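Examining the three-dimensional arrangement
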Amino acid sequence: MKNSTHIQIYPIPVELASSQFAALGSEQRLTVLRILVRAGPEGLTIGALGERSGVTGSTLTHHMKILAAAGLVTQKKQGRSIICAAAEYDVMRALSDYLLLECCADCGDGKGHTHD
């Protein structure tokens, strides 16, 4: 590490990582998530998300249900309607870290490498 501040990263279980990656296995879901990432922590109304993504109605509801079940987004509901959605940045970081946590650990120089 470059400095004395150390953040411990605990790997997520392979089953969880697999289900989260599976949720991203649709072009439309990946597009929806990227739009929510760009929107920031406040997220977007479902109407605005639909306009920006071109995915609306029951199709958007279906994709949001899958992303939410994977923990990649949160949804705020009012009655039976979803009024707002936001990306879960910590969950996405953990998923990214899952891939990079042991980066270059077996590259032979004994040092390993990190990508901070």
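Scroll up to find the structure this text is about.
Let us look at the structure shown here. (Residues numbered from 1 in each chain as written. Predicted model: local features only at pLDDT ≥ 70, side-chain atom pairs only at ≥ 80, totals over all residues. Heavy atoms only, no water.)

This part takes up the layout of surface pockets. A volume near 170 Å³ is recorded for the second largest pocket. With five residues, the top contributor of residues to the lining of the second largest pocket is helix H4 (residues 57–69). The class makeup of the residues in the lining of the second largest pocket is four nonpolar, three polar and three charged. (1 Å grid on protein atoms, 1.4 Å probe; cavity = no way out; pocket = protein on both sides within 12 Å on 5 of 7 lines; lining within 4 Å. Points joined across faces, edges and corners; volume = space filled by probe spheres on them. Helix = DSSP H or I, 4+ residues; strand = E, 2+ residues; numbered from the N terminus. Nonpolar A, V, L, I, M, F, W, Y, C, P; charged D, E, K, R; others polar.)

Regarding helix H3 (residues 46–53), the residues found buried are Leu49, Gly50 and Ser53. Buried positions in H3, seen along its axis, are confined to an arc of 100 degrees and lie on one side of it. Those residues of H3 that are exposed and aimed more than 90 degrees away from the buried face are Glu51 and Arg52. Lining the buried residues of H3 we find helix H2 (27–39), H4 and strand E2 (81–87). Of the residues flanking the end of H3, it is Gly54, one or two places downstream, whose phi is positive at about 80 degrees. (Buried < 20%, exposed > 50% of the residue type's maximum accessible area, 1.4 Å probe, protein only. Arc of directions from axis to C-beta. Contact = heavy atoms within 4.5 Å.)

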